[in-house]
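Here is how the chains run, residue by residue.
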Amino acid sequence: NMARAAAAVRPFKGVCYSLDEAMGESFAEEMGEELGVSFTVASSAEECCNLSDVLFTQTPGSSTVLEKEWLKESGVTIIASGSDQPTKQEIPNDVLKASKYISDLTMQTSRVGELRGALQAGVMSEGDVYAELGEIVNGDKPGREGDEIIVVDLTGTGAQDAAIGQVAWDKLSQL
């Protein structure tokens, strides 16, 4: 999950929220023990957003999970990586429009990612995409440049999946 990935990169204080309170408590306890990270269970999605510099959304839902007013004015990064399909939309269009929008593959996110809804609503065009993830990783374009909303829309690509699989294989082969 994303908590494990984040812990591999840098220390953090965890905040989680779940519609199922018991599931949120269980996640916080399990991840806290496994990662040695303190987790707070937020009582609402709004509280979770208010407390977070980085948000990971991972739902297959067709209704949004946050509101622009809930986000920190000092900037926030939202990584949308839920199960992508033509009806999914976790992030509201006004958040997408206000963001530095980064896709993993624009051709794909315009069909099944968060970008699809904003395009259909007419609030964004493919020209509003700041960058594809590879452009940031390669240093062709800068990432965060101040107090801004960044949305990273990850629909998954075969090449990324293969690279992740190779890294996992390499690490497991060393055990």
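Positions within a chain are numbered from 1, following the residues in the order the chain's sequence is written. Restriction of local features to residues with pLDDT of at least 70 applies here, the model being predicted, together with a cutoff of 80 or more for giving and counting side-chain atom pairs; totals for whole chains, interfaces and linings are based on all residues. To obtain the side-chain values, all non-hydrogen atoms of the structure were used and water was disregarded.

**Topic: the overall build of the chain**
And step 1. On a plain count of helices and strands, the chain comes out with eight helices and seven strands.
And step 2. The globule rule is 2.2 Å times the number of residues to the power 0.38, and the radius of gyration it is compared with is taken over C-alpha atoms. Relative to the globule expectation of 16 Å for 175 residues, the C-alpha radius of gyration of the chain, 16 Å, shows essentially globular dimensions.
And step 3. Expressed along its principal axes, the backbone C-alpha trace of the chain runs to roughly 45 × 40 × 30 Å.
And step 4. Looking at the chain residue by residue over its 175 residues, the buried ones come to 35%.
And step 5. Residue contacts follow a heavy-atom distance rule, with two residues in contact if any of their heavy atoms lie within 4.5 Å. A separation of at least 24 residues holds for 68% of the contacts in the chain among residues at least 6 apart in sequence.
And step 6. Of the accessible surface of the chain, which amounts to about 10000 Å², a share of 53% is contributed by carbon and sulfur atoms. Think of it this way: any DSSP run of H or I at least four residues long counts as a helix, any run of E at least two long counts as a strand, and we number them from the N terminus. Throughout, exposure labels follow a simple rule: accessible area from a 1.4 Å probe, protein chains only, divided by the maximum for the residue type, with under 20% read as buried, over 50% as exposed, and the rest as partly exposed. Using a 1.4 Å probe, the Shrake-Rupley method yields the accessible areas, and only the shown protein chains count as cover for residues.

**Digging into the pattern of salt bridges**
And step 1. Any Lys or Arg side-chain nitrogen found within 4 Å of a carboxyl oxygen on Asp or Glu counts as a salt bridge. Going through the model one piece at a time under the given rule, you end up with four salt bridges.
And step 2. Close ionic contact of Glu-34 with Arg-4 constitutes a salt bridge, the shortest N to O distance being 2.6 Å. Of the two residues, Glu-34 sits in helix α2 (residues 21–35) while Arg-4 sits in helix α1 (residues 2–9), which places them 30 residues apart along the sequence.
And step 3. In this structure Glu-34 comes out as partly exposed when scored by relative accessible area, which is 45%.
And step 4. For Arg-4, a relative accessible area of 37% translates into the label partly exposed.
And step 5. Beyond isolated ion pairs, a larger network of salt bridges with shared partners links Lys-100, Glu-145 and Glu-148.

**Things to note about helix α6 (residues 114–121)**
And step 1. If you check which residues of α6 are buried, you get Glu-114, Leu-115, Arg-116, Gly-117 and Ala-118.
And step 2. Buried-residue contacts for α6 involve β4 (76–80), α4 (93–98), β5 (100–103), α5 (106–112) and β7 (149–153).
And step 3. With its phi angle positive at about 80°, Gly-122 sits one or two positions after the end of α6.

**Some details on a negative patch on the surface**
And step 1. On the surface, Asp-20, Glu-21, Glu-25, Glu-29, Glu-30 and Glu-33 cluster together to form a negatively charged patch.
And step 2. Following the sequence through the fold, Glu-30 ends up in helix α2.
And step 3. A residue is classified by how much of its surface remains accessible, and Glu-30, at 48% relative accessible area, is partly exposed. Like-charged residues are merged into a patch within 9 Å and nonpolar side chains (Val, Leu, Ile, Met, Phe, Trp, Tyr) within 5 Å, provided each residue has over 30% relative accessible area and no salt bridge. Positive charges come from Lys and Arg alone, negative charges from Asp and Glu alone, with His and the N- and C-terminal ends not counted. To locate a charge, take atom NZ for lysine, CZ for arginine, CG for aspartate or CD for glutamate.

**Some details on the environment of Cys-49**
And step 1. Within the secondary structure, Cys-49 is located in helix α3 (residues 45–50).
And step 2. Along the chain, Cys-49 and Ser-62 lie 13 residues apart, while their C-alpha atoms are 19 Å from each other.
And step 3. Not counting chain neighbours up to four residues away, the residues in contact with Cys-49 comprise Leu-55, Leu-66, Trp-70, Leu-71 and Lys-72.

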